[in-house]
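# Coordinate inspection notes
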Amino acid sequence: MLELNFIRTHKERVIQGLQLRNYTGENLKVIDEIVALDDARKAAQTEMDNNLAETKRLSKEIGGLFQQGKQAEAGALKEKVSELKAGIKTLETTMMDAAERVEKLLLTVPNIPHESVPAGKTSEDNEVYRAWDKPLPNLGEDAIPHWELATKYNLFDLELGVKITGAGFPVFRGKGARLERALINFFLDEATKAGYEEIIPPLMVKEESAKATGQLPDKEGQMYYIGEDDFYMIPTAEVPLTNIYRNEIVEEKDFPIKLTGYTPCFRREAGSYGSDVRGLNRVHQFDKVEIVQIVHPDTSYDQLNGMLAHVSGLLDKLELPYRILRLCGGDMGFTSALTFDFEVWSAAQKRWLEVSSVSNFETYQSNRLKVRFKDGKGMRLAHTLNGSALALARIVAALLENNQTSGGIRLPKVLHSYTGFEAI
RNA sequence: GGAGAGGUGGCCGAGCGGUCUAAGGCGCACGCCUGGAAAGCGUGUAUACUCCAAAAGGGUAUCGAGGGUUCGAAUCCCUCUCUCUCCGCCA
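These figures come from a predicted structure and were not determined experimentally. (Residues numbered from 1 in each chain as written. Chains lettered and ligands numbered in written order. Predicted model: local features only at pLDDT ≥ 70, side-chain atom pairs only at ≥ 80, totals over all residues. Heavy atoms only, no water.)

### Considerations on the domain arrangement of chain A
Each domain of chain A was delimited in the assignment, giving domain 1 (4-106) and domain 2 (123-419). Each of domain 1 and domain 2 has a C-alpha centre, and the two are 43 Å apart. Facing four residues of domain 1, the contacting portion of domain 2 comprises seven residues. In total, domain 1 and domain 2 occlude about 360 Å² of area from one another, counting both sides; carbon and sulfur atoms represent 31% of this. (Domains from an automatic or database assignment. Contact = heavy atoms within 4.5 Å. Buried area = accessible area lost by both parts, 1.4 Å probe.)

Here it is as structure tokens:
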């Protein structure tokens, strides 16, 4: 969430930012409400603290009087303290109530977009940041989509997933499973080469963790929830990886912290049924290698560029046509200040598929996470970033479709040593 | 799952109703000492909120978390949580 102090001191910027996210008059009032409530909280707290100080002083006096055997005088003071205590209780309630309401409202305010974020309402308005300037593969009439290729070559089976679990839980098998594992290894190796530390995190997280990275309360209902133990299945490795540093004070010299991890990702995808969900386009469980960075605020945009270069490099090596979009204010995620999406061309479906989303959250996540470092001026919040590098299911879809030939499916050279075969 | 023992500052560890404003030690930083270092000595060593125009300096809270008893809680009571030991189950 936004820093309260930032809202207080940069109200105009906050409002401009919200306008870029298409907030208008009525919705913008929340900012003034927050400041007013916080004023009330401060006033109550100051008074309460003063009363507490007085109580403390008197209690000590009573202790002294008891030791001198002056019971009567002590009794008189006791009454005075009791009176003060009643007032303190009221003030505390006022303060806690105001603080809670501030917190609640703050959770409803999204991150302020970076100045480069284009105006716009929907994905239609996203800016093509880097277009694909070479020709797209032309497969001819008999090209078939990846779900048919999967059946033809026995690569994955969605019906089998339905039998075992339900719709959207693919079963990979044979060369399909091998390809999946090859891609995971390839992505992890590349991330490690780029200086990311490999992590194997828990796949379920507690509420506190999901809150800290912003999945809750924003995406309640999109995560699988294990009620018996109060766990959430992770929708992305971002959650456990970033939470490694929750409540940590980091040494400035340890920046940039770079983590990578492969995990399956679980998403309920409630309310997103439609024609674009066939095959691997949208599933409830998919594999992904994530990269996460925790960095000094001065360098976060440089690091963001580094992440773009990293993801571009992966797609280049996989020989997939792709483009990069800069998301507009209306399409950007709640917690992000700037997001770039990568889309690969799916030649049989003749459409772009999102395979990566790379974002800088600035201090929005770290404020909830409380990831801080100390510099000359005191405690400061770090910046957090993350990106998919990459999401597997759709990469598989594109690889299969784009490389199909009448004689089989060719695989990009970089994967040969990982798969142990050059074609399917 | 059952039984027991515990969670105190960056770390170890004392404290078990008032002087805890948390002893002592280690570590760390700075200074003195030294040709330089070690040792020794001295000083300092958290976080959040808040008061003050700011600095300096105050105030409040935090001894796993939350609640309670009390004029006063690290200390007593309740709930939760985590760790350790033993037993059971188990890849």
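Following the structure, the description resumes.
### With respect to the protein's contact with RNA strand B
With respect to spatial proximity, 21 residues lie near RNA strand B, and among them Arg41, Gln45, Ser59, Lys85 and Met379 are the closest. For RNA strand B, the fraction of atoms within 4 Å of the protein that belong to sugar or phosphate moieties is 77%. Residue Ser59 places a main-chain N or O atom 2.9 Å away from a base nitrogen belonging to RNA strand B. A distance of 3.1 Å is found between a sugar or linking oxygen of RNA strand B and a side-chain nitrogen or oxygen belonging to Arg372. Secondary structure elements with two or more residues in the surface near RNA strand B: helix 3 (25-67), helix 4 (71-107) and strand 14 (372-375). (Near = heavy atom within 4 Å. Polar contact = N/O pair within 3.5 Å; in protein donor to acceptor, adjacent residues only side chain to side chain. Helix = DSSP H or I, 4+ residues; strand = E, 2+ residues; numbered from the N terminus.)

### Re unusual backbone geometry
Negative phi values dominate among residues other than glycine, just as trans dominates among peptide bonds. In the segment running from Phe255 into Pro256, the intervening peptide bond is cis, with an omega of -10°. For Pro256, the position within the fold is in the loop between strand 8 (249-250) and strand 9 (257-266). A cis geometry characterises the amide bond from Ala389 onward to Leu390, with omega recorded as 5°. Structurally, Leu390 is set in strand 16 (residues 383-391).

### Digging into the sheet that holds strand 14
Ordered by their spatial adjacency, three strands build an open sheet running 8-14-15, and the pairing between neighbours is mixed. Edge positions in the open sheet fall to strand 8 and strand 15 (378-381), since each of these has one partner strand only. Relative to strand 14, strand 8 runs parallel, the two being bridged by two bridges. When the bridges of strand 14 are listed, Val250 appears paired with Phe373. (Pairing = 2+ DSSP bridges.)

### Examining the pattern of salt bridges
Between side chains of opposite charge, pairing is possible as soon as their charged atoms come close. Per the counting criterion, the structure on display carries 18 salt bridges. Note that Asp97 and Arg101 form a salt bridge whose closest N and O atoms lie 3.7 Å from each other. Here Asp97 pairs with Arg101, and both are found in helix 4, just four residues apart, close to one helical turn. Among the salt bridges present, the one from Glu190 reaches Lys317, with a minimum N-O distance of 2.7 Å. (Salt bridge = Lys/Arg side-chain N within 4 Å of Asp/Glu carboxyl O.)

### Some details on the environment of Gly166
When you line up the elements, Gly166 lands in the loop between helix 6 (158-164) and strand 3 (171-172). For Gly166, a relative accessible area of 15% gives the class buried. For the pair Gly166 and His284, spaced 118 residues apart in sequence, the C-alpha to C-alpha distance is 9.3 Å. (Buried < 20%, exposed > 50% of the residue type's maximum accessible area, 1.4 Å probe, protein only.)

### Things to note about the sheet that holds strand 1 (residues 127-130)
Here eight strands make up an open sheet; going across it, the order is 1-11-12-13-16-10-9-4 and the pairing mixed. The sheet is open, and its two borders are formed by strand 1 and strand 4 (197-199), each paired with just one other strand. Mean inter-strand twist for the sheet, computed between neighbouring axes without regard to direction, equals 30°. In the sheet, strand 13 (residues 351-362) pairs with strand 16 via four bridges, with the strands oriented antiparallel. Following the sheet pairing, Asn360 is matched in strand 16 by Leu385. Packing against the sheet, helix 10 (residues 300-317) makes contact with strand 1, strand 10 (285-295), strand 11 (322-326), strand 12 (338-346), strand 13 and strand 16, and its axis sits at approximately 5° to strand 16. Relative to the sheet, helix 12 (residues 392-402) contacts strand 10, strand 12, strand 13 and strand 16, its axis offset from that of strand 12 by approximately 30°. (Axes fitted to C-alpha atoms, helices over the stretch in contact; angles between N-to-C directions.)

### Looking at the nonpolar core
With 58 residues, the main nonpolar core has Leu183, Phe187, Leu315, Phe342, Val344, Ile395 and Leu400 as its most contacted residues. At eight residues, the largest contribution of residues to this core is made by helix 12. For Ile395, the residues in contact, after removing those within four places along its chain, are Leu183, Leu315, Leu318, Leu320, Val344, Val355 and Leu390. With 21 residues, the next largest nonpolar core counts Ile7, Ile15, Leu28 and Val35 among its residues. (Core = buried A, V, L, I, M, F, W, Y, C linked by side-chain atoms within 4.5 Å.)

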